[in-house]
Amino acid sequence: LNDHMQSFNWNVFYIIIIIILTDLLDGYVARFSNEVTNFGKLIDPIADKICLMVVTIHLIYQYNFLFLLFFILISIRDFYIIILGIYLMRMQDEVFQSNLTGKLFLVSTAIMMFIYVFYGDTLIGFILYLNSLFLMMLSAFYYHKNYKKYFKITGI
C-alpha cells in the first residue's frame, strides 16, 4: 500500500507540473505564433482548472474539509468567470486574458498542493493554502473589476 500511495503521489506531482508548464507555455506559444484567439483566452483557464480540480479531489479524500472548502470556493469563482467570459465572447466578441493574480494563484496553489501531497499537513503547507485562498479571491476581484468596467463602457 505504501508503494502504491507513493506512486500515486508521483502521478499527482506530474499533474501539478503539467498544470504549471501548460499555463506558462500556452499563452507564450499562442502569442509567438500569432494565434491568440478569444476562444483560446477563455479555454486556457478552464483547462488549467480541470487539472487543478483533479488534484483537489485527491486532496479532499486526504484532508476533508480544508480542500472541500477550497474546491467550493474555486468552483464558485470559476463558474462566475466562465459564465461572464462566455457571455462577453458570444455577445460582445470580447474575452479578457487571465490576470497576473490568476497566474500567481495557480503557481502558489501548485506549490501548496505539492507540499500537501508529499509532506502532509505542515505549517508551510497551511500558510501556502491561506496564500492560495487570498490570491484566488484577489484574482476574482480583478476579474470582476475588469468585467464591471467593460459592462460600464458598453452600457450593459
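Residues numbered from 1 in each chain as written. Predicted model: local features only at pLDDT ≥ 70, side-chain atom pairs only at ≥ 80, totals over all residues. Heavy atoms only, no water.

Undergrad: Can you help me understand the overall build of the protein in this one?
TA: Scanning the protein for helices and strands turns up 5 helices and 0 strands. For the protein, the α and β elements follow one another from N to C terminus as α-α-α-α-α. When each of the 156 residues of the protein is scored for burial, the buried share is 37%. A separation threshold of at least 6 residues defines the contact pool for the protein, and within that pool the share at least 24 residues apart is 79%. Carbon and sulfur atoms make up 71% of the accessible area of the protein, which totals about 9400 Å². (Helix = DSSP H or I, 4+ residues; strand = E, 2+ residues; numbered from the N terminus. Buried < 20%, exposed > 50% of the residue type's maximum accessible area, 1.4 Å probe, protein only. Contact = heavy atoms within 4.5 Å. Areas by Shrake-Rupley, 256 points an atom, 1.4 Å probe, with all protein chains shown as cover.)

Undergrad: Help me out: how do you make sense of the packing of aromatic side chains in this one?
TA: The relation between two aromatic rings is expressed through the spacing of the ring centres and the mutual angle of the planes. Evaluation of the coordinates by the stated rule reveals 13 aromatic pairs. Plain terms: the ring middles of Tyr63 and Tyr116 are 5.0 Å apart, the flat faces sit at 80° to each other, and that makes the pair edge-to-face. In this pair, Tyr63 is assigned in helix 2 (residues 38-63) and Tyr116 in helix 4 (residues 100-119), connecting sequence segments 53 residues apart. Where Phe126 meets Tyr129, the ring centres are 6.0 Å apart and the plane angle is 15°; that geometry is what we call stacked. (Phe/Tyr/Trp six-rings, centres within 6.5 Å; stacked < 30°, edge-to-face > 60°.)

Undergrad: Can you walk me through the nonpolar core in this structure?
TA: Soluble, globular proteins show a tendency: their nonpolar side chains are buried together. Residues Leu59, Phe67, Phe70, Met112, Met113, Tyr116 and Tyr129 are the most contacted members of the largest nonpolar core, which totals 26 residues. For this core, the secondary-structure elements that each account for two or more residues are helix 1 (2-32), helix 2, helix 3 (65-92), helix 4 and helix 5 (123-154). In this structure Tyr129 touches Leu66, Phe67, Leu69, Phe70, Met112 and Tyr116, once residues within four positions along its chain are discounted. (Core = buried A, V, L, I, M, F, W, Y, C linked by side-chain atoms within 4.5 Å.)

Undergrad: What should I look at first to understand the pattern of salt bridges in this one?
TA: Pairing is possible between side chains that carry opposite charge, provided their charged atoms lie close to one another. According to the stated counting rule, one finds 1 salt bridge in the structure shown. Of the charged contacts, one joins Arg77 and Asp78 as a salt bridge, the two residues approaching to 2.5 Å between their closest N and O atoms. Each member of the pair, Arg77 as well as Asp78, carries the same accessibility label: buried. (Salt bridge = Lys/Arg side-chain N within 4 Å of Asp/Glu carboxyl O.)

Undergrad: Honestly, the confidence of the model for the protein in this entry has me stumped. Any pointers?
TA: Should pLDDT be low for a region, the predicted coordinates there are not to be read in detail. Across the protein, the average pLDDT comes to 81, with 80% of residues at 70 or higher. Per-element averaging of pLDDT across the protein places helix 1 at the bottom with 73 and helix 4 at the top with 88. (pLDDT = per-residue confidence, 0-100.)

Undergrad: When you look at unusual backbone geometry in this model, what are you seeing that I'm missing?
TA: The phi angle at Asn64 is positive, at roughly 55°, despite the residue not being glycine. By secondary structure assignment, the location of Asn64 is in the loop between helix 2 and helix 3.

Undergrad: What am I meant to see in helix 4 here?
TA: For an α-helix, 3.6 residues make a turn, and residues three or four places apart therefore share a direction. When the terminal C-alpha atoms of helix 4 are compared, their 28 Å separation across 20 residues agrees well with the 28 Å that a helix rising 1.5 Å per residue should span. Of all the positions in helix 4, only Thr101, Gly102, Phe105, Leu106, Ser108, Thr109, Ala110, Met112, Met113, Ile115, Tyr116 and Val117 are classed as buried. (Expected span 1.5 Å × (residues − 1).)

Undergrad: How should a nonpolar patch on the surface be read in this particular structure?
TA: On the surface, a nonpolar cluster with roughly 720 Å² of combined accessible area is contributed by Ile17, Leu21, Leu24, Leu25, Tyr28, Val29 and Phe32. Here Tyr28 lies in helix 1. (Patch = residues over 30% accessible without salt bridge, like charges linked within 9 Å, V, L, I, M, F, W, Y side chains within 5 Å.)

Undergrad: Help me understand the side chain of Ser108, please; the structure alone is not making it clear to me.
TA: Relative to the helices and strands, Ser108 resides in helix 4. By relative accessible area, Ser108 is classed as buried at 6%. For Ser108, the side chain forms a polar contact with the side chain of Ser132, separated by 3.1 Å. Not counting chain neighbours up to four residues away, the residues in contact with Ser108 comprise Leu128, Asn131, Ser132 and Leu135. (Polar contact = N/O pair within 3.5 Å; in protein donor to acceptor, adjacent residues only side chain to side chain.)

Undergrad: What am I meant to see in the environment of Ser98 here?
TA: Structurally, Ser98 is set in the loop between helix 3 and helix 4. The spacing of Ser98 and Tyr143 is 45 residues in sequence and 8.3 Å in space, taken between C-alpha atoms.

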